[in-house]
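Fold and contact review
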Amino acid sequence: MSNKKPTVTVTQIGSATGRRFDQRQTLIGLGLNKMNRKRTLEDTPSVRGMINKVQHLLDIDDVN
């Protein structure tokens, strides 16, 4: 039995420059603060909410 948790990989494709403060803070919360940074995160409702908030700045790849 595998206890592997579902993950999602996000890459920042848009700049945080000129964005609202809460959007910049959301990117930092996701571990992204520079262009082309990539993070693999656990797929939880809170992470999905953060991704939805700044989805126009991200490239999202679902990985299970």
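This text goes with the structure placed above it.
What this report covers is the structure whose coordinates are included nearby. (Residues numbered from 1 in each chain as written. Predicted model: local features only at pLDDT ≥ 70, side-chain atom pairs only at ≥ 80, totals over all residues. Heavy atoms only, no water.)

**Here we look at the overall build of the protein**
Scanning the protein from N- to C-terminus turns up 2 helices and 3 strands. Across the protein, helices and strands are ordered from the amino to the carboxyl terminus as β-α-β-α-β. With respect to the three principal axes, the spread of C-alpha positions in the protein is 45 × 20 × 15 Å. In the protein, which comprises 64 residues, the proportion classed as buried is 28%. Within the structure as shown, the protein displays about 4,400 Å² of accessible surface, and the carbon and sulfur contribution to it stands at 49%. Side-chain charges of the protein comprise 11 positive and 6 negative groups, with the mean position of each set lying 8 Å from the other. (Helix = DSSP H or I, 4+ residues; strand = E, 2+ residues; numbered from the N terminus. Buried < 20%, exposed > 50% of the residue type's maximum accessible area, 1.4 Å probe, protein only. Areas by Shrake-Rupley, 256 points an atom, 1.4 Å probe, with all protein chains shown as cover. Lys, Arg positive; Asp, Glu negative; His and termini not counted. Charge placed at Lys NZ, Arg CZ, Asp CG, Glu CD.)

**Quick notes on the environment of Thr11**
With respect to the helices and strands, Thr11 occurs in strand β1 (residues 7-12). Remark: the alpha-carbon pair of Thr11 and Lys34, spanning 23 residues in sequence, is separated by 9.8 Å. Filtering out sequence-adjacent residues up to four positions away, Thr11 remains in contact with Asn36, Arg37, Lys38, Leu57, Leu58 and Asp59. (Contact = heavy atoms within 4.5 Å.)

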